[in-house]
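# Reading the structure
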Amino acid sequence: MWERYITAASTYAHSIDHLFLLIAALVGFWLLVAEGMLFWLVFKFRARDGRPTQYITGEEPHLKRWISIPHFIIILCDVVIIVWAITVWYHIKQVMPPAEASVRVIGQQWAWSFQQPGPDGVFDTTDDIRTVGELHVVVDTTYQFELMSRDVVHSFAVPAFRLKQDALPGRVINGWFRPSRVGTYDIQCTQMCGIGHALMAGRIVVETPQQHAAWLLRNTSPASAAAATQDSALAAPGGDSSTIAEVRR
Amino acid sequence: MRIVQTLVPRWLQFWPLLILAGSSSLSGCRFGAADPAARGQEVFQTCVPCHNADGSGNPAVGAPNIAGMKSWYVEKQLEKFREGVRGMQFNDVEGLRMGPMAQSLESDDDVKAVARYVESLPPVRHAASLTGDAQAGQALFATCGACHGENGAGNPDLKAPRLAGVDDWYLATELRKFRSGVRGASPKDMEGRLMRPMARTLPNEDAIRNVVAYVETLKP
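About the criteria used
- Residues numbered from 1 in each chain as written.
- Chains lettered and ligands numbered in written order.
- Predicted model: local features only at pLDDT ≥ 70, side-chain atom pairs only at ≥ 80, totals over all residues.
- Heavy atoms only, no water.
- Phe/Tyr/Trp six-rings, centres within 6.5 Å; stacked < 30°, edge-to-face > 60°.
- Helix = DSSP H or I, 4+ residues; strand = E, 2+ residues; numbered from the N terminus.
- Buried < 20%, exposed > 50% of the residue type's maximum accessible area, 1.4 Å probe, protein only.
- Lys NZ or Arg CZ within 6 Å of the ring centre and 35° of its normal.
- Pairing = 2+ DSSP bridges.
- pLDDT = per-residue confidence, 0-100.
- Salt bridge = Lys/Arg side-chain N within 4 Å of Asp/Glu carboxyl O.
- Contact = heavy atoms within 4.5 Å.

### Re the packing of aromatic side chains
- Evaluated as defined, the whole model comprises 13 aromatic pairs over all chains.
- An angle of 55° between the planes, with centres 5.2 Å apart, marks the rings of B:F44 and B:Y117 as tilted. Highlighted residues: B:F44 in helix 3 (residues 36–44) and B:Y117 in helix 7 (residues 108–120), separated in sequence by 73 residues.
- A residue is classified by how much of its surface remains accessible, and B:F44, at 0% relative accessible area, is buried.
- Measuring from ring centre to ring centre gives 5.3 Å for B:F141 and B:Y214, while their planes differ by 55°; the resulting arrangement is tilted. Taken together, the residues span a long stretch of sequence, with B:F141 in helix 8 (residues 134–148) and B:Y214 in helix 11 (residues 205–217) at a distance of 73 residues. For the pair B:F141 and B:Y214, a shared accessibility class is recorded, and that class is buried.
- Chaining the aromatic ring pairs together yields one cluster made of A:W112, A:F114, A:Y143, A:F145, A:F156, A:F161, A:F177 and A:Y185.
- Across the ring face of A:F43, the terminal group of A:R46 is positioned such that the distance to the ring centre comes to 4.3 Å.

Following this line, the structure appears as structure tokens:
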């Protein structure tokens, strides 16, 4: 239903959508009932010539049940929402499915940088793939991410994945996503982080394994590799020479 | 009043409200100054949070002292930031901060206007913040002098900026970035790629501090 307006591109996007739909339906139903009742009572008991106003205390059982019965039903609805929400939250935030790939997401004023461990599967080695503003991932692959900030509080939000997680300086926050649809999706910082906050955007490119391999090859082609080697030769020890791919926005 | 009600369609009789709503909306709009000098000052407000109103910079956020910097150099660097030629490297923390700011400039005219405004700011000198052997640095500076001039005044023909008067912490930071490839790695950054091997002639951190200490002795 929501997909007409915003694409659902991760495996848990539908769980979030269904939760929102449930909340909207239950709250919306009671809003309509309450407002309908209010206006109906205003109309029914409007001022009329020769009809005196009734003064009621609301203590009689037949009057009190107009409050108590909806009250209990609404509490029941609340319990349904809470149980459903906790279930969704548990499966997305508390259960970490086994990782098929990893990515380090680094926020800073005002850019998103990404580090993937490369073929050896280990971070901070020479085959790491580092990109700025653009993350390339493979569809139907479970990614575990390490989210961190270099300076202030940011929030890593990918609306198409229904993913939003704050990044806190000094902390590494773990999470996961599994892209389910090929395409290019927006990333936006959703935590006010300074004058350039609105410009702190990026994108996630979800590719098929073949597309991803081609992208890797393009960025590690002999020409690129030669340039990288030349750069490495020039770079000082401990520098930024381990980059295979430095993709720009 | 009755004539108005008779002649004007009913939905248009709310025109005072329409005018009020329209003027309220327009009050939120900002129109840029036509005069380039005024426009430059206006655009510079984007730079103020990091570089300060007088352009004196802020080492805490890695923002250099740009007061009085030559407009050709400011313009060139802004273009590089806008095109992602500079400031898009994974480890370039300050550059990544500057990139979006430069990209927020609306037009080439704005770039020119703000560059001229930066040049018009009275230069600000800061005391040295690093320690180094200026005498030892003088010999190392011979390499730099080939492009930047013996007195560090810069050479626009070689796209070499003025070094004299630039804060020492900033010079040291940029030299480190050039050495490690954080700056000057892009194939499109011609000047940066020239600068990288030059920076590599400085063998270690002491050499960086020494050459920077010597630059601090030069008169801007």
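### Describing the pairing of strand 4 (residues 134–138) of chain A
Residue and element names in this part refer to chain A.
- Within strand 4, five of the five residues are buried, leaving the element largely enclosed by the surrounding structure.
- Burial along strand 4 is two-sided: the residues E134, H136 and V138 and L135 and V137 are all buried.
- Two elements, strand 4 and strand 10 (residues 201–207), share five bridges in a ladder whose sense is parallel. Bridging across to strand 10, V137 finds its partner in V206.

### Quick notes on the confidence of the model for chain B
- Across chain B, pLDDT averages 88, with 87% of residues at or above 70.
- Predicted complex metrics record ipTM = 0.76 and pTM = 0.80.

### A word on the pattern of salt bridges
Residue and element names in this part refer to chain B.
- The full count for this structure, using the stated rule, is 19 salt bridges over all chains.
- For R82, the salt bridge is made with D108, and the minimal N-O distance between the two is 2.9 Å. Here R82, found in helix 5 (residues 71–83), pairs with D108, found in helix 7; they are 26 residues apart in sequence, far enough to count as distant.
- The residue E174 makes a salt bridge to R183 at a minimum N-O spacing of 2.7 Å. Comparing E174 with R183, the two get one shared label, buried.
- Each member of the salt-bridge network shares a partner with another, and the members are R86, D92, E94, E174, K177 and R183.

### So, the confidence of the model for chain A
- Averaged over all residues, the pLDDT of chain A equals 87, while 87% of them reach at least 70.
- Low pLDDT, under 50, characterises residues 225–249 of chain A; the stretch is placed with 71 contacts to residues that sit more than four places away or in other chains.

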